[in-house]
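Spelled out from the first residue to the last, the chains are:
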Amino acid sequence: MGPDHSSKIVGTVWGLLILNTLGSAGAQTIVPLPRSLIQMVTMGALVTAFTLALAVNLELRIRPSAYVSLLTLLLVTSVISSANLGSGFGALFRCVRLALFVGTLWLLSRWWDGGLTFVRHHIRMYFAVLGSVAAGLVVSPGAALPDLYGGRLVGALWPLTPPQIGQYAAVIIGLTVLLVLGRRTDRTSAAIVIVPSVILLALTHTRTATLGLLLGLALAIGSLILTSAAARRFFAWAVLCAAVAAVAFSSALQAWFLRGQSQENFSNLTGRAKVWDALLAAPRTTWQQLFGMGMGDKSFGGLPIDNSWLAVYHEQGLIGIALVAAIIIVLGGVALLRPPSLPRACAIFLISYCAIASYTETGLGDASPYLLHLALAASLLAAPAAATPLSTPEAPLRRISQWTRKSEVS
């Protein structure tokens, strides 16, 4: 099998992994999609991804990876916590899903070399997802901006909630900005990705994604300041524009940030704090404290937990929290030890974003976009990246047509 053919299959596998993590039961679509159909599509994508990854890596050549090793230990913990069926047979199903997810990452680790190939796969696929969101907004604005979500943007063709859309938009905005600074794409092609994504992010009114984007980019660009004049210029202009916007549009920004909520509702994080307090106060045996209650739907008392650390504590216990913390610490530590480079900056952005989002979003303990973001960071840190001058141009992105063509950032 030729390298070009293998590269195409690897890109397809990465896209299928992203498709697997798109499952949602929140938003109502224009054409109602049965939950069983959604599960069949997402689970089928994962099985296909594992099969293709195995077919392209029949020699089972894998690259040593602390990240995937820790995920494997988390899988073992999940199986132990779910074995007593305290959370029902659904817990074992989720363990199988996580096993296929981790197995596919092991098979793909062969191609993790510190390059930007998987960054481009990431941007392509999520841009295509955002294209479906934009298409739904054009076809049925009422369905895409429903009163049920306070007029926030949802997926009208495929059920995606505002936090999901905000996350996808924020991640590809950040990665594309970094590619521009590294001169790995031209500004016109990047604008075609960034401008629509910014609009969709604004329509979701997702505070977590916005803060994650801004803080993650600040840390990522900060890692390049000493070696890149382009990064220094961008950082200076960004600070200036942010200061002007804060003064000139303070009222509008505050209204967008509060989303019409009262100060009391905002202070308890839209009711999340009440769920967190109840979860922490619930009685648990020593075994349940160590290993959790088993894999579930990231809810407690019928309400979403909306915190990765508490969700992991609830389902995988203190051991699960230790493993997830080790993942963040190991990836962050490796990133700090690498010399300044564009791949390192992208990894810092992804790690920072996931760490920030973990406070109000779940996903660090199960197959999710967040674990894929961290897998991308691990691929960027897989080999020491030589400090490449940012003035060295690389092949530019091919232009992406507005929503009608297949999205592509080459």
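See the structure printed just above.
Each value, and the rule that gives it
- Residues numbered from 1 in each chain as written.
- Predicted model: local features only at pLDDT ≥ 70, side-chain atom pairs only at ≥ 80, totals over all residues.
- Heavy atoms only, no water.
- Helix = DSSP H or I, 4+ residues; strand = E, 2+ residues; numbered from the N terminus.
- Buried < 20%, exposed > 50% of the residue type's maximum accessible area, 1.4 Å probe, protein only.
- Contact = heavy atoms within 4.5 Å.
- Areas by Shrake-Rupley, 256 points an atom, 1.4 Å probe, with all protein chains shown as cover.
- Polar contact = N/O pair within 3.5 Å; in protein donor to acceptor, adjacent residues only side chain to side chain.
- Patch = residues over 30% accessible without salt bridge, like charges linked within 9 Å, V, L, I, M, F, W, Y side chains within 5 Å.
- Salt bridge = Lys/Arg side-chain N within 4 Å of Asp/Glu carboxyl O.
- Lys, Arg positive; Asp, Glu negative; His and termini not counted.
- Charge placed at Lys NZ, Arg CZ, Asp CG, Glu CD.
- Axes fitted to C-alpha atoms, helices over the stretch in contact; angles between N-to-C directions.
- Parallel < 35°, antiparallel > 145°, perpendicular 65-115°, else oblique.
- Nonpolar A, V, L, I, M, F, W, Y, C, P; charged D, E, K, R; others polar.

### Notes on the overall build of the protein chain
When helices and strands are counted, the protein chain shows 17 helices and 2 strands. By the burial criterion, 50% of the 410 residues in the protein chain qualify as buried. Sequence separation of at least 24 residues holds for 77% of the intrachain contacts in the protein chain that already meet a minimum separation of 6. If you sum the accessible surface of the protein chain, you get close to 18,000 Å²; carbon and sulfur atoms cover 68% of it.

### Regarding the side chain of Ser-81
Relative to the helices and strands, Ser-81 resides in helix H3 (residues 66-82). Exposure remark for Ser-81: the relative accessible area of 1% places this residue in the buried category. Of the polar contacts made by the side chain of Ser-81, one reaches the backbone oxygen of Glu-315; its length is 3.3 Å. If we ignore the near neighbours within four places in the chain, the residues touching Ser-81 are Phe-291, Gly-292, Met-293, Gly-294, Met-295 and Glu-315.

### Comments concerning unusual backbone geometry
The backbone of Leu-60 sits at a positive phi, close to 55°, despite the residue not being glycine. With respect to the secondary-structure elements, Leu-60 resides in the loop between helix H2 (35-56) and H3. Non-glycine residue His-205 carries a positive phi angle of around 55°. In this structure, His-205 sits in the loop between helix H8 (187-204) and helix H9 (207-222). By relative accessible area, His-205 is classed as partly exposed at 24%.

### Let's talk about a positive patch on the surface
On the surface, a cluster of positive charge is contributed by Arg-183, Arg-187, Arg-232 and Arg-233. Structurally, Arg-183 is set in the loop between helix H7 (162-181) and H8.

### A closer look at the packing of H3 against helix H15 (residues 308-337)
Following both chains from N to C, one finds H3 and H15 inclined at 175°, their axes separated by 10 Å at the closest point. The angle between the axes of H3 and H15 places the two elements in the roughly antiparallel class. Along its contact with H3, which presents Ala-66, Tyr-67, Leu-70, Leu-71, Leu-73, Leu-74, Thr-77, Ser-78 and Ser-81, the element H15 presents Glu-315, Gln-316, Ile-319, Gly-320, Leu-323, Val-324, Ala-326, Ile-327, Val-330 and Leu-331. Within the contact of H3 with H15, the residues separate by chemical class into 13 nonpolar, 5 polar and 1 charged.

### Let's talk about the environment of Asp-366
Note on placement: Asp-366 falls in the loop between helix H16 (342-357) and helix H17 (369-380). With a relative accessible area of 7%, Asp-366 lands in the buried category. Sequence-distant contacts of Asp-366, that is, excluding residues within four places in its chain, are made with Arg-94, Arg-97, Leu-98, Met-295, Lys-298 and Leu-371. In terms of polar contacts, Asp-366 uses its side chain to reach the side chain of Lys-298, at 3.1 Å.

### Focus: the pattern of salt bridges
For the coordinates displayed, the defined rule picks out 4 salt bridges. Between Arg-272 and Asp-306 there is a salt bridge, with the nearest N and O atoms lying 3.4 Å from each other. Here the residue Arg-272 occupies a position in helix H13 (residues 272-281), and Asp-306 occupies one in the loop between strand S2 (303-304) and H15, the gap between them amounting to 34 residues. Taking the shortest distance from any N to any O, the salt bridge between Asp-366 and Lys-298 comes out at 3.1 Å. With Asp-366 in the loop between H16 and H17 and Lys-298 in the loop between helix H14 (286-291) and strand S1 (299-300), this pair connects stretches of sequence that are 68 residues apart. Here Asp-366 and Lys-298 have matching classes, each one buried. Here the salt bridges do not stand alone but share partners, grouping Lys-298, Glu-315 and Asp-366 into one network.

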